[in-house]
Amino acid sequence: MATVCKLIDSEFNERLKWQSEKLPFNAFGASLRRRFGGRIQRVSIDAGFTCPNVDGAVARGGCNFCDNRSFSPSRRVRLKQVSEQLATGIETVTKRYDKVAGFIAYFQPATNTYAPVEQLEEVFRLALSIDPRVVGLAVGTRPDCVPESVLKLLETLARETYVSLEFGMQTIHDAGLQWMNRAHDHASMINAMDRSRGRGFECCSHVILGIPGETHAMMMETATEIGRLGFDAVKIHNLYAVLGTPLGDQVQSGEIVLMQRDEYIHTVVDFLERIPAEVIVERVSGDAPSSYLIEPKWCLEKSSLRLAIEQEFKRRGTRQGAHFVAPEIPPAQRPRPADETPASIRDQIDLGRRLPVLKMEKSGARSHE
């Protein structure tokens, strides 16, 4: 027992090293350097997954802000096999940055746990085996798409390598989730997180600030939930509109006005002040290619936006976690509930036939061109 506690304390202290480095928040890049001893870059992979709010399992139409071409370069060109995408991505990153120590295979667009679990294992292990410099795996998904079989798979992989499971929480407010056409409620996120915590892989929450109808106080309630549920990491995006989406049409017509830059900067800092100091901050803004982006244009200036956020922390004399209030029940003491994955989704993952759309390798028994 003492050994376990010592390991937990050691990991916790490692996550707080950013404070001694006089950083305003626990930035992702620096966290990876401390963990792996050098620069680590994510390489986005598109294995051809869809989503249960696209194919009719729970809804159709997808999220109203979503055009996967704006999220991932792989959706802007002919979809290639996972092996080729990863190899090409590693080559591109290596040319762009000096002294890259390793890469994380990042399954990014769509819902990357929404396929038969045996096929998920094949594609994840394929990505991990292509290049010895691949040090881990990041998997983007929805909170209603992680039945027990998927969590056990990720738990097994986490014994062998670094694994991050990224949940599209977006907001804790069901009205906002309904506006997006997410086709799940926040109770699904609570159930998924209470079943995912403590399995050896990191749990990251993707949050969107600036959802129509949400007040500043409502966004701060979402910030409080990061600590209450015990997320290891958070990724914060501003709501932005791209061409070819319902949201894009609403912004172009003037029906919806997106958050302005100064308000976003203050909101991000307020948000980060309210989350635990040990939570890793993977992103503080989002953007899209200029050819797709409608508004806000200011999100294209990522470097100056981040600098402005850091300067706001300095002006206030605060840092991440400055106003964090610990929950009455520590996350580690929250009970593990029964699996509430919708039957239509669980059947696809646990009982479904292999998906021929998934891109695996160029040749061999696992090719599905």
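Residues numbered from 1 in each chain as written. Predicted model: local features only at pLDDT ≥ 70, side-chain atom pairs only at ≥ 80, totals over all residues. Heavy atoms only, no water.

## Concerning the overall build of the chain
The condition is simple: Each helix is a run of DSSP H or I of at least 4 residues and each strand a run of E of at least 2, with the numbering of both proceeding from the N terminus. Only protein chains enter the calculation, and the probe is 1.4 Å; a residue is then buried if its accessible area is under 20% of its type maximum, exposed if over 50%, and partly exposed in between. By the convention used here, residues are in contact when the closest approach between their heavy atoms is within 4.5 Å.
A count of helices and strands for the chain gives 14 helices and 9 strands. Its C-alpha atoms put the chain at 60 × 60 × 45 Å along the principal axes. A buried classification covers 53% of the 369 residues belonging to the chain. Contacts in the chain between residues at least 24 apart in sequence constitute 83% of all its contacts with a sequence separation of at least 6.

## Description of the sheet that holds strand β5 (residues 202-209)
Backbone hydrogen bonds hold the strands of a sheet together, and the pairing may be parallel or antiparallel. Under the convention used in this document: In short, DSSP must find at least two bridges between two strands for them to pair. Angles here are taken between N-to-C directions and fall from 0 to 180 degrees, while the axes themselves are lines fitted to C-alpha atoms, restricted in helices to the stretch in contact.
Spatial ordering of the open sheet is given by β1-β2-β3-β4-β5-β6-β8, a layout of 7 strands whose pairing is parallel. Looking at which strands have only one partner, the edges of the open sheet turn out to be β1 (39-45) and β8 (280-283). Strand-to-strand twist of the sheet, defined as the mean angle between neighbouring strand axes without regard to direction, takes the value 25°. Summarising the sheet, strand β3 (residues 134-141) and strand β4 (residues 162-170) pair through 6 bridges and their orientation is parallel. Looking across to β4, one finds that T141 is bridged to F167. Against the sheet, helix α6 (residues 117-129) contacts β1, β2 (100-107) and β3, and its axis sits at roughly 145° relative to β3. Packed onto the sheet, helix α10 (residues 216-229) meets β4, β5 and β6 (233-238) and runs at close to 175° relative to β5.

## With respect to the environment of A332
Within the fold, A332 resides in the loop between α13 (302-316) and α14 (343-351). Look at A332 and you get exposed, because its relative accessible area is 75%. Note: C-alpha distance between A332 and R228 (104 residues apart in sequence) is 10.0 Å.

## Here's the deal with the nonpolar core
For clarity, the threshold we go by: Note on terminology: a nonpolar core comprises buried Ala, Val, Leu, Ile, Met, Phe, Trp, Tyr and Cys residues joined through side-chain atoms within 4.5 Å.
Core analysis: the largest hydrophobic core is formed by 82 residues, its most contacted members being F107, F124 and F271. Ranked by residue count, the leading element in this core is α6, at 7 residues. Those residues in contact with F124 that lie beyond four places of it in its chain are F107, N112, L137, V139, L153, L154 and L157. Counting residues in hydrophobic clusters, the runner-up holds 12 residues, among them I208, L239, A241 and L258.

## Some remarks on the packing of helix α5 (residues 82-96) against α6
So the rule is basically this: Between 65 and 115 degrees an angle is taken as roughly perpendicular, under 35 as roughly parallel, over 145 as roughly antiparallel, and anywhere else as oblique. Crossing handedness follows the turn of the near helix against the far one: under a right angle anticlockwise gives a left-handed crossing, and clockwise gives a right-handed one. Each residue is assigned to one class: nonpolar for Ala, Val, Leu, Ile, Met, Phe, Trp, Tyr, Cys and Pro, charged for Asp, Glu, Lys and Arg, and polar for all the others, Gly among them.
Interhelical geometry of α5 versus α6 gives an angle of 30° and a closest axis separation of 10 Å. Taken as axis vectors, α5 and α6 run roughly parallel relative to one another. Between α5 and α6 lies a crossing of right-handed hand. Contacts between α5 and α6 involve V82, S83 and L86 from the first element and V123, L126 and A127 from the second. Along the lines of polarity and charge, the residues of the contact of α5 with α6 split into 5 nonpolar, 1 polar and no charged.

## Comments concerning empty space enclosed by the protein
What counts, and what does not: For cavity detection a 1 Å grid was placed over the protein atoms alone, and a set of points counts as a cavity when a 1.4 Å probe fits there but cannot get out; an open set counts as a pocket when protein lies on both sides within 12 Å along at least five of seven lines, with lining residues being those that have an atom within 4 Å of a point. Grid points are joined across faces, edges and corners, and a volume is the space filled by probe spheres set on the points.
For the coordinates displayed, the defined rule picks out 1 cavity of 30 Å³ or more. Taken as a whole, the largest cavity encloses approximately 30 Å³ of empty space. In terms of lining, the largest cavity is formed by F28, S31, L32, R35, Y162, E202 and I280. Looking at which element gives the most residues to the lining of the largest cavity, the answer is helix α3 (residues 28-36), with 4 residues.

## Notes on the confidence of the model for the chain
Rules: The quantity known as pLDDT measures the predictor's confidence residue by residue, on a range of 0 to 100.
On average, residues of the chain score 91 in pLDDT, and 90% of them reach the 70 mark or higher. Considering only residues more than four positions removed or in separate chains, one finds that residues 1-7, a stretch of pLDDT under 50, has 0 contacts. Every residue in residues 362-369 is under pLDDT 50, and counting partners more than four places away or in other chains gives 17 contacts.

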